[in-house]
Amino acid sequence: MLSILGIANKKKRSTDPKIGDNSFFATKQTSGALRCQWQLRSETRAMIDREFGSTLFIRIRDISGDQSIASKTIEVRSNQTEASINLPAETGKILVDLGYRFGADFISLEYQILNFGKKVIQMPRYTDWFTQESPNIHQEMYDLASASRSLGGSEMVQKEA
């Protein structure tokens, strides 16, 4: 029964680039970077070479679900089989595509979804000091400016002679 449906004889896709003419796309996170390895079927590679000038793209998009739209795209050649991409963050859920551009569209050939755990947003190192002003900033500045004088500011009255 399974052989009639074609399930029993279905060939398993190989992820070993030395076996057969299969496509695969594998990723591995290493110290703040994503190492991508791939192989394309010879027919797909010939079509990319002929129609798209041997240009492929690896696109990384944040799909954590927090309304962020972060993405990064790098260009690779069709004869390459690996690339390394620096990750902007080491947490969250990302989609990594290997594909090509057809006009304004991105056509995915292979993809992987990677989940690095709950997205953690780190506070920026830059601190805006002006947002932390005291409600009495003007009085404090006046006190600092007039500290070395016995009388100062508009309180200083000159007597007419």
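Look above for the structure.
Overview of the structure. For clarity, every value in this text was computed on a predicted model and none was experimentally measured.

Things to note about the pattern of salt bridges
One pass over the full model with this rule turns up four salt bridges. Arg35 is the salt-bridge partner of Glu82, the closest N and O atoms lying 3.5 Å from each other. Pair noted here: Glu82 is in strand E5 (residues 82-86) and Arg35 is in strand E2 (residues 33-39), with a separation of 47 residues, a long-range link. A relative accessible area of 38% means that Glu82 is categorised as partly exposed. Classification of Arg35 by relative accessible area gives partly exposed; the value is 35%. One salt bridge in this structure joins Arg50 and Glu51, with 3.2 Å as the shortest N-O distance. Overall, the relative accessible area of 58% leaves Arg50 in the exposed class.

A short note on helix H2 (residues 42-52)
Turn by turn, an α-helix covers 3.6 residues, leaving residues three or four places apart pointing in a common direction. Inspection of H2 places Thr44, Ile48 and Phe52 among the buried residues, and these make up the whole buried set. Buried residues of H2, viewed axially, fall in a sector of 40°; they line one side. Those residues of H2 hidden inside the fold are in contact with strand E3 (55-62), strand E6 (93-102) and strand E7 (105-115). Looking one or two places after H2, you find Gly53, whose phi comes out positive at around 60°.

Considering unusual backbone geometry
In this structure, Ser31 is a non-glycine residue whose phi angle is positive, near 40°. Secondary-structure assignment places Ser31 in the loop between strand E1 (24-30) and E2. A positive phi angle is found at Ser54, which is not glycine, with a value near 65°. By the secondary structure assignment, Ser54 is in the loop between H2 and E3.

A word on the packing of aromatic side chains
Across all of its chains, the model carries two aromatic pairs by this definition. Ring centres 6.1 Å apart and planes at 75° place the aromatic pair Phe52 and Phe102 in the edge-to-face group. In this pair, Phe52 is assigned in helix H2 and Phe102 in strand E6, connecting sequence segments 50 residues apart. By relative accessible area, which is 53% here, Phe102 ends up exposed. Joined through ring pairs, the aromatic side chains of Phe52, Tyr100 and Phe102 make up one cluster. For Arg59, the ring lying beneath its charged end belongs to Phe106, and the centroid distance is 3.9 Å.

Quick notes on the sheet that holds E7
With respect to topology, four strands assemble into an open sheet ordered E4-E3-E6-E7, the strand pairing being antiparallel. In the strand order of this sheet, the two ends are held by strand E4 (71-77) and E7, each with one partner. On average, each strand axis in the sheet is tilted by 20° relative to the strand beside it, whichever way the strands run. Of the strand pairs in this sheet, E6 and E7 are connected by 10 bridges, and their pairing is antiparallel. Residue pairing in the sheet places Ile94 in a bridge with Leu114 of E7.

Calculation notes
Residues numbered from 1 in each chain as written. Predicted model: local features only at pLDDT ≥ 70, side-chain atom pairs only at ≥ 80, totals over all residues. Heavy atoms only, no water. Salt bridge = Lys/Arg side-chain N within 4 Å of Asp/Glu carboxyl O. Helix = DSSP H or I, 4+ residues; strand = E, 2+ residues; numbered from the N terminus. Buried < 20%, exposed > 50% of the residue type's maximum accessible area, 1.4 Å probe, protein only. Arc of directions from axis to C-beta. Contact = heavy atoms within 4.5 Å. Phe/Tyr/Trp six-rings, centres within 6.5 Å; stacked < 30°, edge-to-face > 60°. Lys NZ or Arg CZ within 6 Å of the ring centre and 35° of its normal. Pairing = 2+ DSSP bridges. Axes fitted to C-alpha atoms, helices over the stretch in contact; angles between N-to-C directions.

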